[in-house]
Amino acid sequence: MVLLTGIANAAPIDDAVRLYETGQYEAAAKQLITLAEGGNPVAQEKLSVLYFYGRGVPEDEERALQWARRSAEQGNGDAMYFIGNMYVFGDKLPKSIADPDQEAAKWYFEAARRSVPEAEYGLGLLFLAGKGVVQDQEEAMRWIRLAADHGHAGARSFLGK
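For clarity, every value in this text was computed on a predicted model and none was experimentally measured.

**Describing the layout of surface pockets**
- Here the largest pocket defines a volume of roughly 150 Å³.
- Taken together, Tyr81, Asn85, Val88, Phe89, Asp101, Tyr108, Glu118, Tyr121, Gly122, Leu125, Leu126 and His152 make up the full set of residues lining the largest pocket.
- When residues in the lining of the largest pocket are grouped by element, the largest group, 5 residues, is from helix 7 (residues 117–129).
- Tallied by class, the residues present in the lining of the largest pocket amount to 7 nonpolar, 3 polar and 2 charged.

Quick look at the structure:
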């Protein structure tokens, strides 16, 4: 009975993620909003991406950040990584603080501590460029190697693997 309850509870998020991954953004957004409001961290993170890019919902960086933060507060490393990305690639968000690179580095570090390969690689690149952190090639290579070890294709390519 417990197993069946777990499967039943997993189905709505699985369906919403499937819609999201197949580009059915409006349908995904409808399901994700309900799940995100109910506290599901995966739904909150996916919904933040939809708001950031304006897919299935109006583009809204502030709302994207709010949903990503709610997910990150629950320990979702992917949401932490995405917050870092919003400070690097956003239009309005980077202008809202004094040092967006430093804010991105902070969030990448939190996600990298949770072994998110994209965050490890992003943090390595920030160390390489000295953006938001002190430039440190040794530290950069440590993070890039870690990302490669965790299967990040860009990091592997960077290292010539």
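**Describing the pattern of salt bridges**
- One pass over the structure, following the stated rule, counts 7 salt bridges.
- With a closest N to O distance of 3.4 Å, Arg114 and Glu110 form a salt bridge.
- Among the residues examined, Glu110 registers a relative accessible area of 23% and is labelled partly exposed.
- Put simply, Glu110, Arg113 and Arg114 are held in one network by salt bridges that share partners.

**Brief notes about helix 7**
- The terminal C-alpha atoms of helix 7, which comprises 13 residues, lie 18 Å apart, in line with the 18 Å expected from a rise of 1.5 Å per residue.
- The complete set of buried residues in helix 7 reads Pro117, Ala119, Glu120, Tyr121, Gly122, Leu123, Gly124, Leu126 and Phe127.
- Along its buried surface, helix 7 packs onto helix 5 (77–89), helix 6 (100–112), helix 8 (137–149) and helix 9 (153–158).
- A positive backbone phi angle near 70 degrees is found at Gly130, which sits one or two residues after helix 7.

**Looking at the nonpolar core**
- Within the largest apolar cluster, 42 residues are counted, with the highest numbers of intra-cluster contacts made by Leu32, Leu47, Leu50, Ile83, Met86, Tyr87 and Leu123.
- Contributing elements (two or more residues each) for this core: helix 1 (2–21), helix 2 (25–37), helix 3 (41–53), helix 4 (61–72), helix 5, helix 6, helix 7 and helix 8.
- With 6 residues, the next largest nonpolar core counts Met141, Ile144, Ala148 and Ala155 among its residues.

**Let's talk about the side chain of Glu45**
- With respect to the helices and strands, Glu45 occurs in helix 3.
- In contact with Glu45, not counting residues within four places along its chain, are Ser71, Asn76, Asp78 and Ala79.

**What about the packing of helix 4 against helix 5?**
- The N-to-C vectors of helix 4 and helix 5 enclose an angle of 150 degrees; their axes lie 8 Å apart at closest approach. It follows that helix 4 is roughly antiparallel to helix 5 by the angle criterion. With respect to the hand of their crossing, helix 4 and helix 5 are arranged in left-handed fashion. For the pair helix 4 and helix 5, contact is made by Glu61, Ala64, Leu65, Ala68, Arg69, Ser71 and Ala72 and by Ala79, Met80, Ile83, Met86 and Tyr87, respectively.
- The class makeup of the residues in the contact of helix 4 with helix 5 is 9 nonpolar, 1 polar and 2 charged.

**Description of the packing of aromatic side chains**
- The full count for this structure, using the stated rule, is 6 aromatic pairs.
- When the ring of Tyr81 is compared with that of Tyr108, the centres are 5.5 Å apart and the planes differ by 25 degrees; the resulting orientation is stacked. With Tyr81 in helix 5 and Tyr108 in helix 6, this pair connects stretches of sequence that are 27 residues apart.
- Overall, Tyr108 belongs to the buried group, its relative accessible area being 5%.
- Through a chain of ring-to-ring contacts, three or more aromatic side chains come together here, namely Phe52, Tyr53 and Phe82.
- A cation sits over an aromatic face here: Arg55 above Tyr53, 4.9 Å from the ring centre.
- Residue placement shows Arg142 over the ring face of Trp143; its charged tip is 4.6 Å from the ring centre.

Calculation rules
- Sequence order as written defines residue numbering, which begins from 1 separately in each chain.
- Only residues with pLDDT of at least 70 get local features here, since the model is predicted, and only at 80 or more are side-chain atom pairs given and counted; chain-wide, interface and lining totals rely on the full set of residues.
- The side-chain figures draw on all heavy atoms in the structure; neither hydrogens nor water molecules are used.
- Points on a 1 Å grid, built from protein atoms alone, make a cavity when a 1.4 Å probe fits but cannot get out and make a pocket when they are open with protein on both sides within 12 Å along at least 5 of 7 lines; residues with an atom within 4 Å of a point are the lining residues.
- Grid points are joined across faces, edges and corners, and a volume is the space filled by probe spheres set on the points.
- Under the scheme used here, helices are H or I runs from DSSP no shorter than 4 residues and strands are E runs no shorter than 2 residues, and both carry numbers assigned from the N terminus.
- Polarity classes work like this: nonpolar for Ala, Val, Leu, Ile, Met, Phe, Trp, Tyr, Cys and Pro, charged for Asp, Glu, Lys and Arg, and polar for all others, with Gly in that last group.
- Salt bridges, as used here, are contacts in which a Lys or Arg side-chain nitrogen is within 4 Å of a carboxyl oxygen on Asp or Glu.
- Each residue is assigned to one of three classes by its accessible area relative to the maximum for its type, calculated with a 1.4 Å probe on protein chains only: buried under 20%, partly exposed between the two thresholds, exposed over 50%.
- An expected span of 1.5 Å times one less than the residue number is assigned to each helix.
- Note on contacts: a residue pair qualifies if any of its non-hydrogen atoms lie within 4.5 Å across the two residues.
- Among buried residues, those of type Ala, Val, Leu, Ile, Met, Phe, Trp, Tyr and Cys that are joined through side-chain atoms within 4.5 Å constitute a nonpolar core.
- Angles shown run from 0 to 180 degrees and are taken between the N-to-C directions of axes, each axis being a line fitted to C-alpha atoms and, for helices, limited to the stretch in contact.
- Relative orientations are named as follows: roughly parallel for angles under 35 degrees, roughly antiparallel for angles over 145 degrees, roughly perpendicular for angles from 65 to 115 degrees, and oblique for any other angle.
- It is the rotation of the near helix from the far one that decides the hand of a crossing: anticlockwise by less than a right angle makes it left-handed, clockwise makes it right-handed.
- Under the pairing criterion, centres of Phe, Tyr and Trp rings, with the six-membered ring standing for Trp, must be within 6.5 Å; the plane angle then separates stacked pairs below 30 degrees from edge-to-face pairs above 60, leaving the rest tilted.
- Two conditions define a charge sitting above a ring: the NZ of Lys or the CZ of Arg must be within 6 Å of the ring centre, and it must be within 35 degrees of the ring normal.

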